[in-house]
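Listed below, chain by chain, are the residues.
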Amino acid sequence: MVISPLHRKALRDLRRLWAQVLAIALVLAAGVATMILGNGAYASLFETRARYYEANRFADVFADVTRAPRALMGEIEAIDGVLAAEARIVKLGLLDLADMAEPGSVLFVSLPENAEVGLNRLHLRQGRLPDPQSSDEVVISEGFAAAHRLRPGAPLGVLMNGQRLELLVTGIALSPEFVYALGPGEMMPDPRRFGVAWLPRASLEAAFDLEGAFSNVVLKLAPGASQDRVIAALDRLTAPYGGIGATGRSDQISHAFLDAELKQLSAMVKVLPPIFLLVAAMLVNMTLSRLITLEREQIGLLKAIGYSARAIALHYVEFVLLIAVLGIAIGLMAGAWLGMGLAQMYAHFFSFPFLVFTRDPQIYVIASGITAAAAVGGAIYAVRAVLTLPPAVAMAPPAPADYRRRQSRLPHVFAMRQTSVMIARHLFRWPFRTLSSTFGIAMSVAILVASLWSFGSINHMIDVTFFRAERHDAQVVFGSPEPLRAVYAARQMPGVMVAEPFRLVAARISHRNLSKRLALIGKIEDPRLSRVLDPALRPMTMPEAGLVLSAALAEALNVRAGDTVTVEFPEGRRPTVSLPVSGISLGYVGLGAAIDITALNRTMGEGALISGLNLQIDAAAQADFFAAAKSTPKTEFVTVTALTISRFKQTLAENITVMITVYVILAAIIAVGVVYNFTRISLSEQGRELASLRVLGFTRAEVAGVLFGELAAVVLLAQPLGWLIGYAIGVSMVAAFSSDLYRVPFVVGREVYATASLVVFAAALASAVAIRARINTLDMIEVLKTRE
Amino acid sequence: MVAGADIVFRAKGLTKVYRIGELEVHALRGVDFQASRGEFIVILGPSGSGKSTFLNIVGGLDAATAGEAWFEDHQLTALDERGLTQYRRDHVGFVFQFYNLVPSLTARENVQLVTEIARHPMKADDALALVGLSERRDHFPAQLSGGEQQRVAIARAIAKNPEVLLCDEPTGALDSATGIKVLESLTLVNRTIGATTLVITHNAAIRDIADRVLRFADGQIVEETVNTTKKNPSEVTW
Ligand SMILES: Nc1ncnc2c1ncn2[C@@H]1O[C@H](COP(=O)(O)OP(=O)(O)O)[C@@H](O)[C@H]1O
Ligand SMILES: [Mg+2]
């Protein structure tokens, strides 16, 4: 096969300009990789979840009741749109393990008689299901088993309804209900301090005095059924039995966290790949324009000997396509590899029995197509010049660069050195290139700002949440409300220095057509431990009458201080009241609404009750406190702030290195790509002038200074722009990250900007060093022998 | 000029061999040379005879393969890159066939480029006045004719008050009338600042304006003529 001369030229150009080609290809590759990674991870997670739910019959509707007779199930099953219903007993208990002094929780969940046919079916990993007749056999969740090295046959000490029991682990399992297993009162899953235990119904019925009754019901809906209508019907049926309102999947904790993750992934796919493709298109344009300028004479010659303008234009497009192919190849490999890494992270973080790693060829094809289109798009403007160039003009050397037009009146405002004047004029001579390079480097800064802010923000969130608002060392929550005198009992416990009561009541708060369900918290008037903070971080006192809503809730309900909202309590006497919104508070976790505890108790009309206590503990007596808290029969669960924080930080630390590394690499790819190409082109344009400066006695450093001065101007100009763009991306990411579960504060510290800039400076410096060698070997004599 | 008095340049056995793969090109084959302060020397010779190579070595742009070259008490052939740069910066003015002006700087700014880094520069405007370009000092190279550009190049070369002025075919790209103007500028400068001036040219007629004429052939100086009666460029017939 004969390769036509133009094809051969394209290949040779590729080799000759390999460094510039590689720099562009890497930017393209980053675009492809992030596209594949993001879409692939999204599809993987989405598919995995869907298949898992499907295979294990994950329920659609969830409802808790205090105690409902099993006979009610007939009516529930008869609700129009209900495909299957399952009555369960779901109760919290405490862990009592030899290897753990600190308090831990266990969620007991009853198994149906025939676990093979129920909803939320277990995926058994080891061992067997408990014998339905046994009273002590249990299957436990995998993460928890791993954290405590429990295997089938091991004993498991628990406090069930205040009674110490020794259960026997018969199996280890996963459940679609607990893909993301968050313990009560926690912010991050901690498999050490929270596990799920599935037992036969009979043993839980006995332990919780629920013979012939259930405390939780899950429904599977028929296809096309209206979830809202089913929930309404279910709520009517469960209300007499302490039902506080059913929820759909979107409010189911595990599902909601997976949703949040999916939302973040899709945000990443929307932001990152377009940045890379845009920058790559710009680089292609810049580099190709210069190449075509340099090859004017060749182009003229080719035209003169009969090549059509189209053939020549196609030659340059072919050159660009070759770069795109290289970029796509690297990107596909990197994307697949990173995708595998991300999948492993998911496998670690979420409890799935399997991971569907979709290798949907469509994603690959689309990613490749878009990338090639971006590259060719960048080429088109440059190639247009080839089409319009008449051969005779092309063959004459270009006239000396004409600077007179916009230049002559340029800054003599400051006494600039002539080399600085050169720099300024050259930058102004090619405004499009200067601007697009500035923009490219700015994007690199922006990517870093937009990724690095989250760590500072999360630290801020921890600081505000745990060191300013929730300042208690531990929190004890009772299984059911206790009379106020429980406070005095608590103060007698070892190590307890301060005890502040609170009351939690399920509520639905509505404003016009908007409503949200949450747990309304009643606090003492001037809490010292668990405080409510205003947006300026000042502690708020509980208003005599009226609510303090968290900013997130106020936004969700579209209310402002002074508005009146309706509060329905689906508990006890089920009162409904209208209350003024007295203030808006800061809060990052969940939707929050606070009220004076006395006012709350008055409304509920059940006497002075409390749901739990916030405690300040003497560190020296901590172990004794843990033991005492555990053995108090009323305790449902205990959280220890220090453990919550350390788990939070540990989880972040695990992700932080990976994330920083990935983003720094991505940003560096852009910075290096832009800086290297910009500087190479500038050197190619000014090589002659720079060599002349050397002849005139300018040192290598001074000559390099001209080129690097130009680069420095572009890089410096890019910083504030990059900060700004990064800030804007950050703002939109906050929106993507925020859900009813979390609201991420947008705090960008100076160190974020500084770090972003430093990384980009380092990348620019590395590229500059690579080019420095070329400046040193500028051939002075060659330049003098030839005319431009 | 009296030989031995105030010698600026000395070269002994100056040899330059270019290696292109297997091939060896002997550009200079043992050149011995001396120049006195303020001398105006014209170098003639066929193309490829080694004139430029010689000028480049003497000007500190290139290194010799063997032999010695001295400028005053600096041994050029012993200087490293840094030393040669300093030598060019402090002592040498260059003028080339292609003017090599910086296109983004005006005539005056091109001159200032040099005066800013020179030790004893003249005023940029004075240098331009010397070559008769005061009027055009705010023009960019693209706005100047070839002759004018070359005179800016000369102004730039002399603005540092160099001890030596090296010109490689300065009129090569110019028509003869313009060439005369350029040569007039060179002789004027030579007289005004007293720089030792070496001019390579193809034009034999130029010899009459020189103190001394060297003829190169095949990498050697084959003929040396001392002019006893120096003419002004305007008297020369081209
Ligand atoms: N960089 C170089 N590499 C190889 N050969 C060279 C180089 N520069 C000059 N030459 C050769 O050296 C010889 C002398 O060249 P040069 O000094 O430029 O001659 P002149 O200026 O007299 O025309 C020529 O044969 C030329 O081809
Ligand atoms: Mg020559």
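Residues numbered from 1 in each chain as written. Chains lettered and ligands numbered in written order. Predicted model: local features only at pLDDT ≥ 70, side-chain atom pairs only at ≥ 80, totals over all residues. Heavy atoms only, no water.

Student: How do you make sense of the domain arrangement of chain A when you look at a structure like this?
Tutor: Residue and element names in this part refer to chain A. Domain assignment breaks chain A into domain 1 (90-209) and domain 2 (470-644). On a C-alpha basis, the centres of domain 1 and domain 2 stand 28 Å from each other. At the interface, 17 residues of domain 1 touch 12 residues of domain 2. Each partner contributes to the roughly 1,300 Å² buried at the junction of domain 1 and domain 2, and carbon and sulfur atoms together form 65% of this total. (Domains from an automatic or database assignment. Contact = heavy atoms within 4.5 Å. Buried area = accessible area lost by both parts, 1.4 Å probe.)

Student: In this structure, what is going on with the pattern of salt bridges? I would like to understand it.
Tutor: Two side chains of opposite charge can pair, provided their charged atoms sit close to one another. Evaluated as defined, the whole model comprises 42 salt bridges over all chains. The salt bridge partner of Arg193 of chain A is Glu186 of chain A, with a shortest N-O separation of 3.1 Å. Judged by its relative accessible area of 6%, Arg193 of chain A is buried. Judged by its relative accessible area of 14%, Glu186 of chain A is buried. Between Glu24 of chain B and Arg19 of chain B there is a salt bridge, with the nearest N and O atoms lying 2.9 Å from each other. For Glu24 of chain B, a relative accessible area of 40% translates into the label partly exposed. In this structure Arg19 of chain B comes out as exposed when scored by relative accessible area, which is 56%. Linked through salt bridges whose partners overlap, the residues forming this network are Lys9, Asp13, Arg16 and Glu295 of chain A. (Salt bridge = Lys/Arg side-chain N within 4 Å of Asp/Glu carboxyl O. Buried < 20%, exposed > 50% of the residue type's maximum accessible area, 1.4 Å probe, protein only.)

Student: How should the environment of Asn677 of chain A be read in this particular structure?
Tutor: Residue and element names in this part refer to chain A. Positionally, Asn677 belongs in helix α19 (residues 641-695). On the basis of relative accessible area, Asn677 is assigned to the buried category, the value being 0%. Here the alpha-carbon distance between Asn677 and Thr388, two residues 289 residues apart in the chain, equals 26 Å. With residues near it in sequence (within four places) discarded, Asn677 still touches Gln20, Ala23, Ile24, Leu283, Met286, Thr287 and Val672. (Helix = DSSP H or I, 4+ residues; strand = E, 2+ residues; numbered from the N terminus.)

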